[in-house]
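A look at the structure
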Protein chains: 2
Amino acid sequence: MVRITKGPEERRQEIVTTARRLFESEGYEKVTMQRIVEEVGIAKGTVFYYFESKEELLKAVVEDIIEQDYTRKQALVAATGGNGLDKIRTIMQLDSMALKYPKILESLHEISNASMHTQLLAVMVNNEAHLYETLISQGCDEGIFQTDHPLECAEFMIAAMQFLTDTGIYPWDESDLMRRVKAFPSLVEAILKAKPGSFQFMVQGRDWDIK
Amino acid sequence: MVRITKGPEERRQEIVTTARRLFESEGYEKVTMQRIVEEVGIAKGTVFYYFESKEELLKAVVEDIIEQDYTRKQALVAATGGNGLDKIRTIMQLDSMALKYPKILESLHEISNASMHTQLLAVMVNNEAHLYETLISQGCDEGIFQTDHPLECAEFMIAAMQFLTDTGIYPWDESDLMRRVKAFPSLVEAILKAKPGSFQFMVQGRDWDIK
DNA sequence: GTCTATACAGAGATAGAC
DNA sequence: GTCTATCTCTGTATAGAC
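Sequence positions are assigned chain by chain, starting from 1 and proceeding in written order. Working convention: letters from A go to chains and numbers from 1 go to ligands, in the order in which they are written. A pLDDT threshold of at least 70 governs which residues receive local features in this predicted model, and a stricter bar of 80 or more applies before side-chain atom pairs are shown or counted, although totals over entire chains, interfaces and linings include all residues. Values shown for side chains rest on all heavy atoms present in the structure; no hydrogens or waters enter the calculation.

**Remarks on the overall build of chain A**
Think of it this way: any DSSP run of H or I at least four residues long counts as a helix, any run of E at least two long counts as a strand, and we number them from the N terminus. From N to C terminus, chain A includes eight helices and zero strands. Partly exposed residues are those whose accessible area sits between 20% and 50% of the maximum for their type, while under 20% is buried and over 50% is exposed, using a 1.4 Å probe and protein chains only. Looking at chain A residue by residue over its 211 residues, the buried ones come to 50%. Here a residue-residue contact requires only that any non-hydrogen atoms of the pair lie within 4.5 Å. Of all intrachain contacts in chain A linking residues separated by at least 6 positions in sequence, the fraction that spans at least 24 positions is 63%. To measure how exposed things are, a 1.4 Å probe is used in the Shrake-Rupley method; for residues, cover is taken only from the protein chains shown. By element, 53% of the accessible surface of chain A is carried by carbon and sulfur atoms, the whole surface being about 10,300 Å².

**Considering the interface of chain A and chain B**
Listed by partner, the interface residues are 39 residues for chain A and 39 residues for chain B. Taken together, the two surfaces of chain A and chain B that pack against each other cover about 3,500 Å², and 73% of this comes from carbon and sulfur. Think of a salt bridge as a Lys or Arg side-chain nitrogen and an Asp or Glu carboxyl oxygen that are within 4 Å of each other. The interface formed by chain A and chain B holds six salt bridges in total. With its nearest N and O atoms 2.8 Å apart, the salt bridge here joins B:Glu152 to A:Arg179. In protein, a polar contact requires one atom able to donate a hydrogen and another able to accept it; more generally it is a pair of N or O atoms within 3.5 Å, and residues adjacent in sequence count only if both atoms are side-chain atoms. On inspection of chain A and its partner chain B, the count reaches seven residue pairs in polar contact (both at pLDDT 80 or more). Residue assignment for the side of chain A that touches chain B shows that the elements contributing at least two residues are α4 (54-79), α6 (114-141), α7 (150-165) and α8 (174-192) of chain A. For the side of chain A that touches chain B, the leading source of residues is α7(A), giving 11 residues. Class assignment for the residues of the side of chain A that touches chain B results in 24 nonpolar, seven polar and eight charged. Throughout, the accessible surface (probe 1.4 Å) given up by two parts as they are put together, summed over both, is called the buried area. The nonpolar class holds Ala, Val, Leu, Ile, Met, Phe, Trp, Tyr, Cys and Pro. Asp, Glu, Lys and Arg form the charged class, and all remaining residues, Gly among them, are polar.

**So, unusual backbone geometry**
Residue and element names in this part refer to chain A. Phi at Lys 193 is positive, roughly 50 degrees, even though this residue is not glycine. As for its placement among the helices and strands, Lys 193 is situated in the segment after α8. Judged by its relative accessible area of 46%, Lys 193 is partly exposed.

**Points about the relation of the copies chain A and chain B**
Least squares is the method used to superpose the copies, on C-alpha atoms of residues holding a pLDDT of at least 70 in both. After a rotation of 179 degrees and a shift along the axis of 0.0 Å, chain A superposes on chain B with an RMSD of 0.2 Å. A rotation of that kind, with that shift, is consistent with a two-fold axis. Taking the C-alpha atom as reference, chain A places A:Ala160 closest to the rotation axis, 2.3 Å from it. A share of 100% of the interface residues of chain A reappears at the interface of chain B, consistent with the copies meeting face to face through the same patch.

**Let's talk about the packing of aromatic side chains**
Here is the rule: rings of Phe, Tyr and Trp (six-membered ring for Trp) pair when centre to centre is within 6.5 Å. Planes less than 30 degrees apart are stacked, more than 60 are edge-to-face, and the remainder are tilted. This model, assessed by the stated rule, comprises 16 aromatic pairs over all chains. Look at A:Phe163 and B:Phe163: their rings are 6.1 Å apart centre to centre, the planes differ by 55 degrees, and that puts the pair in the tilted class. Taken together, the residues span two chains, with A:Phe163 in helix α7 and B:Phe163 in helix α7 (residues 150-165). You can call A:Phe163 buried: its relative accessible area is 1%. When the ring of B:Tyr49 is compared with that of B:Tyr50, the centres are 5.2 Å apart and the planes differ by 80 degrees; the resulting orientation is edge-to-face. Residue classification places B:Tyr50 among the partly exposed residues on the basis of a relative accessible area of 22%. Each member of the aromatic cluster is reached from another via a ring pair, and the members are A:Phe163, A:Tyr170, A:Trp172, B:Phe163, B:Tyr170 and B:Trp172.

**Quick look at the pattern of salt bridges**
Taken as a whole and judged by the stated rule, the model has 30 salt bridges over all chains. A salt bridge links A:Glu155 to B:Arg179; its shortest N-O distance comes to 3.0 Å. Taken as a pair, A:Glu155 in helix α7 and B:Arg179 in helix α8 (residues 174-192) lie in two separate chains rather than in one. Residue A:Glu155 is classed as buried on the basis of its relative accessible area, which comes to 2%. A salt bridge links B:Arg20 to B:Glu24; the nearest nitrogen and oxygen atoms lie 3.2 Å apart. Highlighted residues: B:Arg20 and B:Glu24, both in helix α1 (residues 8-26), separated by four residues, approximately one helical turn. On the basis of relative accessible area, B:Arg20 is assigned to the buried category, the value being 14%. Among the charged side chains, a salt-bridge network with shared partners connects A:Glu152, A:Glu155, B:Asp176, B:Arg179 and B:Arg180.

**Focus: the domain arrangement of chain A**
Looking at chain A, the domain boundaries give domain 1 (8-50) and domain 2 (62-203). For domain 1 of chain A and domain 2 of chain A, the distance between their C-alpha centres works out to 30 Å. Domain boundaries shown here were taken from an automatic or database domain assignment.

**What to know about the environment of B:Met124**
Residue and element names in this part refer to chain B. Among the structural elements, Met 124 can be located in helix α6 (residues 114-141). Relative accessible area serves as the criterion here: at 17%, Met 124 is assigned to the buried category. Spatially, the C-alpha atoms of Met 124 and Ile 158 are 8.8 Å apart, while their sequence positions differ by 34 residues. In contact with Met 124, other than residues within four places in its own chain, are Ile 66, Asp 69, Ala 129 and Gln 162.

**Topic: the side chain of A:Lys87**
All names here are of chain A. Structurally, Lys 87 can be placed in helix α5 (residues 84-100). Nearest to the buried, unbridged Lys 87 among oppositely charged side chains is Glu 142, at 6.6 Å. Setting aside its immediate chain neighbours within four residues, Lys 87 contacts Val 77, Thr 80, Gly 81, Gly 82, Leu 135 and Gln 138. Neither His nor the chain ends is counted toward charge; the positive residues are Lys and Arg and the negative residues Asp and Glu.

**Let's talk about helix α4 (residues 54-79) of chain B**
Helix span, expected: 1.5 Å multiplied by one less than the number of residues in the helix. Taking 1.5 Å per residue, 26 residues should reach 38 Å; α4(B) reaches 38 Å between its end C-alpha atoms and fits that length. Listed as buried for α4(B) are B:Leu57, B:Leu58, B:Ala60, B:Val61, B:Val62, B:Ile65, B:Ile66, B:Asp69, B:Lys73 and B:Val77.

**Some details on the packing of α4(B) against α6(B)**
Residues and elements named next belong to chain B. To get an axis, fit a line to the C-alpha atoms, keeping to the stretch in contact for a helix; angles then go from 0 to 180 degrees between the N-to-C directions. Look at α4 against α6: their axes get within 10 Å of each other, and the N-to-C directions meet at 25 degrees. Relative to α6, the element α4 is oriented roughly parallel. The hand of the α4/α6 crossing is right-handed. Between α4 and α6, the contacting residues are Leu 58, Lys 59, Val 61, Val 62, Ile 65, Ile 66, Asp 69, Tyr 70, Lys 73, Gln 74 and Val 77 on the first element and Met 116, Gln 119, Leu 120, Val 123, Met 124, Asn 127, Glu 128, Leu 131 and Leu 135 on the second. Classifying every residue of the contact of α4 with α6 gives 13 nonpolar, three polar and four charged. Each angle receives one of four descriptions, namely roughly parallel if under 35 degrees, roughly antiparallel if over 145, roughly perpendicular if within 65 to 115, and oblique otherwise. Definitions for this section: a left-handed crossing has its near helix turned counterclockwise from the far helix by less than a right angle. A right-handed crossing has that turn clockwise.

Here it is in structure tokens:
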């Protein structure tokens with residue numbers, strides 16, 4: 001058989017990218033190592049040369065997703081002007097966009113995806129919380145928010161909102177989703193002691209109202 | 001070989017109980033069907049007669065856990081007097097007890113357990129939220145809380161608190177856990193617009209302060 | 001250092017006898 | 001309703017070619 005040698009970083013990234021695509025579209029448990037190596041066009045042993053196990057590969061994929069997402073958001077925040085609320089609005093709206101598109105297949109409620117989703121969620125909470133913390137602190141300085149625990153506020157809100165709306169984690173009813181998203185603004189405003197209506201943007205421009 | 005026939009419900013429950021014990025102590029993914037049937041003392045085919053797949057068996061186990069937990073809490077609430085806050089305190093303290101003991105083995109942070117934990121968490125949120133909703137509404141009537149969304153408040157708080165403190169879901173640092181739990185009272189008070197200090201009991205009588 | 005090819009124990013699942 | 005026997009295919013390990 002033809003032997004193709006590539007630089008180690010290139011090959012590694014190739015595996016991660018392919019695995020990510022397959023995991024995202026068909027679920028971690030359903031995708032076999034066999035399938036991955038066929039798609040990449042390498043031998044089975046090669047994957048195990050780069051990653052000790054399937055779980056290690058999953059970790060790498062999760063890091064890949066998080067890193068990409070985080071970088072994009074941080075750049076966006078840096079490029080955005082305005083007060084803390086304006087900046088939070090910017091990244092929150094980015095989230096709602098990102099949530100819609102690539103989840104079509106995922107939302108086939110598979111328990112099989114749970115390991116991947118949970119890990120993703122946990123790492124995301126860790127990362128995003130620090131981003132939000134900065135913006136919440138800024139808002140406190142500007143007098144539009146008020147809290148003694150900006151980081152914990154951020155973690156609390158992100159964890160709850162992600163968990164309660166991600167249909168990849170659990171097949172929530174559509175009516176449950178609507179109900180929850182409609183309540184989010186007042187909940188967030190209560191936590192941050194923000195002016196009523198500040199977070200109303202969270203339910204606007206969405207299909208929640210129409211359905 | 002000896003052939004033992006039992007009533008279908010008895011046998012089913014026997015399988016669920018054994019599977020639950022093994023899943024809880026060693027993790028869902030690590031426990032094989034082979035292991036389960038050996039422990040129960042039946043043939044492999046029998047399990048597949050009762051449950052279509054290993055995942056179906058997991059569902060049954062999760063329901064078993066939730067049901068037991070929910071029944072106990074509901075009875076406790078019914079037996080407790082006082083206002084909404086008193087009752088919430090009662091079940092919240094029950095939680096912290098339940099969390100401590102049977103998790104010793106689980107807290108070996110295994111990705112393998114994620115599917116089970118996530119499912120458990122989601123079903124628990126669904127169930128407990130309704131319990132808390134009643135108590136929050138009662139508190140609103142009594143003038144000690146204030147919210148337009150008692151159910152969504154409940155879901156939000158339960159999801160966030162469980163997710164951020166369950167080391168079976170993700171191996172959080174101990175310092176993260178302490179930090180978060182210490183912030184919970186003021187976050188919950190903000191959401192429910194309760195009197196400052198109302199939920200201070202959440203951090204008392206715990207080991208958080210000592211460590 | 002990179003990679004292929006192949007081997008293998010053990011997993012979840014199934015068919016059909018009892 | 002329960003058993004045994006058996007199937008397929010998985011994740012993983014490894015020997016050795018380039």
